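Topology and contacts: notes
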Amino acid sequence: MEPPNPNAQRYSPTMMWDSTPLFQFGDMQEIIQNFVRVHVDAPGMEEGAPVFPLGYQYPSLDQLADMIPCILQYLNFSTVIGVGVGAGAYILSRYALTHPDMVEGLVLINIDPNAKGWMDWAAHKLTGLTSSIPEMILGHLFSQEELSGNSELIQKYRNIVTHAPNLENIELYWNSYNNRRDLNLERGGAVTLKCPVMLVVGDQAPHEDAVVECNSKLDPTQTSFLKMADSGGQPQLTQPGKLTEAFKYFLQGMGYMASSCMTRLSRSRTASLTSAASVDGNRSRSRTLSQSSESGTLPSGPPGHTMEVSC
């Protein structure tokens, strides 16, 4: 956890899950200087983590979500806004479902709220017979087009995953993710996220269909859907500037950073907002935004807090 800037206006804590590179982006400093930022690693994922002994029973994603209250109690946080990617987005969503009063808002990147079906399970098992764990993880993170292009980013992450000293731990975490339960989200039902939510996915990303389905299950008056063009499977890595901008507007919609000025990106977007993300006075429909290379911003919503959790 980083100490807050004593000269900045103090807002609620921010907790991160799998989104550390985004919060290291230069333009993000305008945001995080106003928040207490917390990064949470899943067991065995921290830098220098020892390899778990053979036979270690790794926690399920539900059990990881159940650990969050202890963290918040230890840090004396009353409410948070969560930012998570992939498994981290799922864990934060699970926590928000069981502790809705503690979560004021969520930014969920590449979330898949569904358990694996039989066909998915069979395909995963067959892939495991012909592919290594690093290859399967890379196929989960990036699109086939990105992997075929073998860009500098792909080479970097292939090297990181392949030579990770805690690869055995990563495999345990990977297995827990693939054995996740369905969140059973239902629009208008008893099981739904009650806080403002920003869903983020890249176009042609491996998780695109799952995020679109998640959007269809959430309250349209509380949900913003951001599909980012030219961003691939990991928009927080490939388009950090645009995602930072969207995050800022999400916070402003919740009542934070009201004095923050418009940037060049927001000004260039203004003309496209009418067609891309127009919102009527009572915001009676879902706030959906398909972001092109120059357009896309988020409408405002009710006040809330911020939490970023990283696993």
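Residues numbered from 1 in each chain as written. Predicted model: local features only at pLDDT ≥ 70, side-chain atom pairs only at ≥ 80, totals over all residues. Heavy atoms only, no water.

With respect to the overall build of the protein
- A tally of helices and strands in the protein yields 14 helices and 7 strands.
- For the protein, long-range pairs separated by at least 24 residues make up 75% of all intrachain contacts whose partners lie at least 6 apart in sequence.
- Counting every atom, the protein has about 14,400 Å² of accessible surface; 53% of that belongs to carbon and sulfur. (Helix = DSSP H or I, 4+ residues; strand = E, 2+ residues; numbered from the N terminus. Contact = heavy atoms within 4.5 Å. Areas by Shrake-Rupley, 256 points an atom, 1.4 Å probe, with all protein chains shown as cover.)

Points about helix H4 (residues 87-98)
- Under the 1.5 Å per step criterion, the end-to-end length of H4 is 17 Å for 12 residues, consistent within 8% with the ideal 16 Å.
- Summarising burial for H4: 10 of the 12 residues are buried, a large majority.
- Taken together, the buried positions of H4 are Ala 87, Gly 88, Ala 89, Tyr 90, Ile 91, Leu 92, Ser 93, Arg 94, Tyr 95 and Ala 96. (Expected span 1.5 Å × (residues − 1). Buried < 20%, exposed > 50% of the residue type's maximum accessible area, 1.4 Å probe, protein only.)

Considering the pattern of salt bridges
- What the rule picks out here adds up to 5 salt bridges.
- In this structure, the salt-bridge partner of Asp 62 is Arg 94, at a minimum N-O distance of 3.1 Å. Of this pair, Asp 62 sits in helix H3 (residues 61-75) while Arg 94 sits in helix H4, and the two are 32 residues apart along the sequence. Considered together, Asp 62 and Arg 94 belong to a single accessibility category, that of buried residues.
- Close ionic contact of Arg 181 with Asp 62 constitutes a salt bridge, the shortest N to O distance being 2.6 Å. With Arg 181 in the loop between helix H9 (167-178) and strand S5 (197-202) and Asp 62 in helix H3, this pair connects stretches of sequence that are 119 residues apart.
- By relative accessible area, which is 14% here, Asp 62 ends up buried.
- Residues joined by salt bridges that share partners form a network here, namely Asp 62, Arg 94 and Arg 181. (Salt bridge = Lys/Arg side-chain N within 4 Å of Asp/Glu carboxyl O.)

As for the nonpolar core
- Leu 106, Leu 108, Ile 111, Tyr 173, Leu 193, Val 197 and Leu 199 are the most contacted members of the largest nonpolar core, which totals 45 residues.
- Contributions of two or more residues to this core are made by H3, H4, strand S4 (103-109), helix H6 (133-141), H9, S5 and helix H10 (208-217).
- Examining the composition of this core, we find that 7 residues originate from one element, H4, more than from any other.
- Ranked by size, the runner-up nonpolar core spans 23 residues in total, among them Ile 31, Val 85, Leu 243 and Met 257. (Core = buried A, V, L, I, M, F, W, Y, C linked by side-chain atoms within 4.5 Å.)

A word on the environment of Pro 206
- The topology assignment puts Pro 206 in the loop between S5 and H10.
- Dropping the residues within four chain positions of it, Pro 206 is found in contact with Gly 139, His 140, Phe 142, Ser 143 and Gly 233.

Describing the environment of Ala 190
- When you line up the elements, Ala 190 lands in the loop between H9 and S5.
- For Ala 190, a relative accessible area of 73% corresponds to the exposed category.
- Considered as a pair, Ala 190 and Leu 97 are 93 residues apart in the sequence and their alpha carbons are 9.9 Å apart.

Some remarks on unusual backbone geometry
- One non-glycine residue, Gln 204, lies in the positive phi region at around 65°.
- Along the chain, Gln 204 falls in the loop between S5 and H10.
- The residue Asp 230 is not glycine, and still its phi comes out positive at about 55°.
- Examined against the element boundaries, Asp 230 turns out to sit in the loop between strand S6 (223-228) and helix H11 (235-238).

Topic: the packing of H3 against H4
- In contact at an axis separation of 8 Å, H3 and H4 are set at 65° when each is read in the N-to-C sense. Taken as axis vectors, H3 and H4 run roughly perpendicular relative to one another. Handedness of the H3/H4 crossing: right-handed. Of the residues in H4, those in contact with Leu 61, Asp 62, Leu 64, Ala 65, Ile 68, Pro 69 and Leu 72 of H3 are Tyr 90, Ile 91, Leu 92, Arg 94 and Tyr 95.
- Class assignment for the residues of the contact of H3 with H4 results in 10 nonpolar, no polar and 2 charged. (Axes fitted to C-alpha atoms, helices over the stretch in contact; angles between N-to-C directions. Parallel < 35°, antiparallel > 145°, perpendicular 65-115°, else oblique. Left-handed = near helix turned anticlockwise from the far one by under 90°. Nonpolar A, V, L, I, M, F, W, Y, C, P; charged D, E, K, R; others polar.)

Notes on the pairing of S4
- Of all 7 residues making up S4, 7 are buried, and the element is well covered by its neighbours.
- The sheet contact formed by strand S3 (residues 80-85) and S4 spans 6 bridges and is parallel. Bridge pairing links Gly 82 to Leu 106 in S4.
- Between the parallel pair S3 and S4, the chain is carried across by H4, and the sense of this crossover is right-handed.
- Of the strand pairs in this sheet, S4 and S5 are connected by 4 bridges, and their pairing is parallel. (Pairing = 2+ DSSP bridges. Right-handed = clockwise from strand over helix to strand, strands pointing away.)

Note that all results are geometric; they support no functional claim without further evidence.
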